[in-house]
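Each chain, letter by letter, is given below.
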Amino acid sequence: MTQTKNNKHNTQKKLSILITQDGLSFCVSELPQKKVTYFFEKEFTQKLTPEGILDQLKEAFHTSQEALENINEVNAIYANELYTLVPQQYFSEKHLTDYLKFNTKILKTDYVTFDQLDCVPANTVYIPYTNINNYLFENFGAFTFQHAASIFIEKIAKPVSEKMKVYVNVYHSHFDVAIINQKNLILCNSYEYLTPEDFAYYLLFSFEQVKVNTETVEVMLSGNINQESEIYRLLYNYIRNIQFSETLHTKPIIEAKNLQKLPLSNHQLLLQSI
């Protein structure tokens, strides 16, 4: 989705922002080389409201003033659970609120929008944070925004596999799971978790819904997880084939020193948006 305002500058520097209720990260890249020159990340001690997230974003931007000079392009990614996928054959822009009202509490001030997916015949219907959109618009002019689920699905659905695969992208307090069989998206959902046991329960529950065989299916992990995490060690007791995904369609040039020290799988969605 694009929010517009006149901007006379040519595109040279791009700001990509990933916004969740439990943290935020952003990077500055030089185009067209896709060279990441600055990276910022902050984890919140608790889940914040949109107002609290905006306060944190303002503070982060204040400490990153020099890096944010002369930004020409901005893309905001909302990784919240206020979304659903609607197959193209049942989709109508006139009914965006109807698609969400059964699993999301919608306020009168909420703005419901959608991302049209290219790799599968579906649309991501979701609620972005209006206060953050307004802040970005006022400070940077024209910018784009989309839901993290859209980037997640586009990233994993392009390489076609002959067999069923499960993809899991992990955040600090929730995770996205998508199950793909050849070109078909079988399931996509998000779950909150507090403990590793919560995580395993919801993932295995997803498997049960579409009859996934834990002995044969290949599970690809990305995001806030590694082989040392309690979640990984617990999952390994139930799932035979677990791997860590390093899939990026085009790997950026990393010049930000603090990002060079981190596994790219931790920040695939952010880097995918460059």
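The shown structure was predicted, so the numbers you read here are calculated from the model rather than taken from an experiment. (Residues numbered from 1 in each chain as written. Predicted model: local features only at pLDDT ≥ 70, side-chain atom pairs only at ≥ 80, totals over all residues. Heavy atoms only, no water.)

1. What about the packing of aromatic side chains?
Okay, step 1: Per the counting criterion, the structure on display carries 19 aromatic pairs.
Okay, step 2: Centre to centre, the rings of Phe61 and Tyr135 are 6.1 Å apart; their planes meet at 25°, and the pair counts as stacked. Within this pair, whereas Phe61 is found in helix α1 (residues 50-63), its partner Tyr135 is found in helix α3 (residues 130-140), the two being separated by 74 residues in sequence.
Okay, step 3: The buried category is assigned to Phe61, whose relative accessible area is 6%.
Okay, step 4: Between Phe143 and Phe145, the aromatic rings sit 5.8 Å apart at their centres with planes inclined by 35°, giving tilted as the arrangement. Of the two residues, Phe143 and Phe145, neither departs from the other in class, the shared state being buried. (Phe/Tyr/Trp six-rings, centres within 6.5 Å; stacked < 30°, edge-to-face > 60°. Helix = DSSP H or I, 4+ residues; strand = E, 2+ residues; numbered from the N terminus. Buried < 20%, exposed > 50% of the residue type's maximum accessible area, 1.4 Å probe, protein only.)

2. Here's the deal with empty space enclosed by the protein
Okay, step 1: Here the structure, examined in full by the defined rule, presents 2 cavities of 30 Å³ or more.
Okay, step 2: Within this model, the largest cavity holds a volume of roughly 50 Å³.
Okay, step 3: Taken together, Thr20, Gln21, Asp22, Lys47, Ala79, Asn80, Glu81, Ser173 and His174 form the lining of the largest cavity. (1 Å grid on protein atoms, 1.4 Å probe; cavity = no way out; pocket = protein on both sides within 12 Å on 5 of 7 lines; lining within 4 Å. Points joined across faces, edges and corners; volume = space filled by probe spheres on them.)

3. With respect to α3
Okay, step 1: Considered for burial, the residues of α3 that qualify are Ile132, Asn133, Tyr135, Leu136 and Phe140. In a view along the axis of α3, the buried residues occupy a sector of 160°, so they form one face of it.
Okay, step 2: Downstream of α3 by a residue or two, Gly141 has a phi angle that is positive, lying close to 80°. (Arc of directions from axis to C-beta.)

4. Here's the deal with the side chain of Lys13
Okay, step 1: In this fold, Lys13 is placed in strand β2 (residues 13-20).
Okay, step 2: Comment: no salt bridge for buried Lys13; closest opposite-charge side chain is Glu69, at 6.5 Å.
Okay, step 3: A polar atom in the side chain of Lys13 sits 3.2 Å from the backbone oxygen of Ala67.
Okay, step 4: Each residue touching Lys13, except ones within four places of it in the same chain, is listed here: Val28, Ser29, Ala67, Glu69, Asn70, Ile71, Asn72 and Glu73. (Lys, Arg positive; Asp, Glu negative; His and termini not counted. Salt bridge = Lys/Arg side-chain N within 4 Å of Asp/Glu carboxyl O. Polar contact = N/O pair within 3.5 Å; in protein donor to acceptor, adjacent residues only side chain to side chain. Contact = heavy atoms within 4.5 Å.)

5. Re the sheet that holds strand β13 (residues 218-223)
Okay, step 1: With respect to topology, 5 strands assemble into an open sheet ordered β12-β11-β10-β13-β14, the strand pairing being mixed. Edge positions in the sheet fall to β12 (184-192) and β14 (241-244), since each of these pairs with one other strand and no more. Taking each pair of neighbouring strands and ignoring which way they run, the sheet shows an average axis angle of 20°.
Okay, step 2: As paired strands, strand β10 (residues 164-170) and strand β11 (residues 174-181) are joined by 7 bridges and run antiparallel to one another. From the neighbouring strand, Asn169 faces β11, where its bridge partner is Asp176.
Okay, step 3: Where helix α4 (residues 148-157) meets the sheet, its contacts fall on β10, β11 and β12, and the angle it forms with β11 comes to roughly 35°.
Okay, step 4: On the sheet, helix α5 (residues 196-209) packs against β10, β11, β12 and β13 and is oriented at approximately 25° with respect to β11. (Pairing = 2+ DSSP bridges. Axes fitted to C-alpha atoms, helices over the stretch in contact; angles between N-to-C directions.)

6. Thoughts on the sheet that holds strand β8 (residues 122-126)
Okay, step 1: The strand order across the open sheet formed by 3 strands is β6-β8-β7, and the pairing between neighbours is antiparallel. With partners counted over all chains shown, the strands left at the sheet margins are β6 (83-87) and β7 (113-116), one partner each. This sheet shows a mean twist of 25° between the axes of neighbouring strands, independent of strand direction.
Okay, step 2: In this sheet, β8 lies alongside β6 in antiparallel orientation, the contact comprising 5 bridges. Looking across to β8, one finds that Pro87 is bridged to Ala122.

7. A look at the layout of surface pockets
Okay, step 1: Taken as a whole, the largest pocket holds about 430 Å³ of empty space.
Okay, step 2: Lining the largest pocket are 20 residues, with Pro50, Leu82, Leu107, Asp110 and Tyr129 positioned closest to its centre.
Okay, step 3: Residues belonging to the lining of the largest pocket are distributed by class as follows: 7 nonpolar, 7 polar and 6 charged. (Nonpolar A, V, L, I, M, F, W, Y, C, P; charged D, E, K, R; others polar.)

8. Notes on unusual backbone geometry
Okay, step 1: Between Leu31 and the following residue, Pro32, the backbone shows a cis peptide bond with an omega angle of 10°.
Okay, step 2: Along the polypeptide, Pro32 turns up in the loop between β3 (23-30) and β4 (35-43).
Okay, step 3: A positive phi angle, close to 60°, is found at Lys34, a residue other than glycine.
Okay, step 4: Residue position: Lys34 is located in the loop between β3 and β4.
Okay, step 5: Looking at Lys34, the relative accessible area reads 27%, which means it is partly exposed.

9. Side note on the confidence of the model for the protein chain
Okay, step 1: On average, residues of the protein chain score 89 in pLDDT, and 93% of them reach the 70 mark or higher.
Okay, step 2: Scored below 50 in pLDDT, residues 6-10 makes 4 contacts in the model with residues more than four places away or belonging to other chains. (pLDDT = per-residue confidence, 0-100.)

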